[in-house]
Amino acid sequence: LHNKVYDLAPLLGTHPGGDEMLLTRAGTDATKEFEVFEHSEKARVRRDQDMLVGELVPTDHKDYSAEEDAAAGGGVVGGAVQRVSEVEEYLQQKVTDVAIVVAAVYAYRSWTHRKPLSQLTY
């Protein structure tokens, strides 16, 4: 993120976006994905204090200010499409989580409120 390397292992199991969000981006530049979800200042400070491993060598640095300027100009449409797709991905994950919980609650209630076969016949 932002030309720095972080060890995010302490977040596994507790990250609100889920472990998949972290593991699929491991070893890659996830700056854009990180900024899409507008992490809190507390999360940013914790990341910098507790998880910073080091910085990339200067030859591997990426200029994010140039990308932000391009997005503000002619690249807005492309940036918006990318942002929407990542937000949609996140929402799909959350909708799936809710659907699983609803199905589990329905199955549990159906099982606990079942009647013996003798009560169902006339």
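Residues numbered from 1 in each chain as written. Predicted model: local features only at pLDDT ≥ 70, side-chain atom pairs only at ≥ 80, totals over all residues. Heavy atoms only, no water.

Draft legend 1. Highlighting the side chain of Gln 93. With respect to the helices and strands, the residue Gln 93 is situated in helix α5 (residues 76-112). Apart from residues no more than four positions distant in its own chain, Gln 93 is found in contact with Gly 17, Glu 20 and Met 21. (Helix = DSSP H or I, 4+ residues; strand = E, 2+ residues; numbered from the N terminus. Contact = heavy atoms within 4.5 Å.)

Draft legend 2. Broad picture of a nonpolar patch on the surface. Residues Val 5, Val 53 and Leu 56 make up a contiguous nonpolar surface patch of about 230 Å² in total accessible area. Within the fold, Val 5 resides in strand β1 (residues 4-6). (Patch = residues over 30% accessible without salt bridge, like charges linked within 9 Å, V, L, I, M, F, W, Y side chains within 5 Å. Areas by Shrake-Rupley, 256 points an atom, 1.4 Å probe, with all protein chains shown as cover. Salt bridge = Lys/Arg side-chain N within 4 Å of Asp/Glu carboxyl O.)

Draft legend 3. The arrangement of the confidence of the model for the protein chain in detail. The predicted model of the protein chain has a mean per-residue pLDDT of 74, with 74% of residues at 70 or higher. Low pLDDT (under 50) marks residues 69-81, which in the prediction has three contacts with non-local residues, meaning those over four places away or in another chain. (pLDDT = per-residue confidence, 0-100.)

Draft legend 4. Molecular detail of the pattern of salt bridges. All told, the structure shown has one salt bridge when counted by the stated rule. Put simply, Lys 94 and Asp 97 hold a salt bridge, and the shortest N to O gap is 3.8 Å. Of this pair, Lys 94 and Asp 97 are both found in helix α5, three residues apart, which corresponds to roughly one turn of the helix. The exposure class assigned to Asp 97 is partly exposed, which follows from its relative accessible area of 39%. (Buried < 20%, exposed > 50% of the residue type's maximum accessible area, 1.4 Å probe, protein only.)

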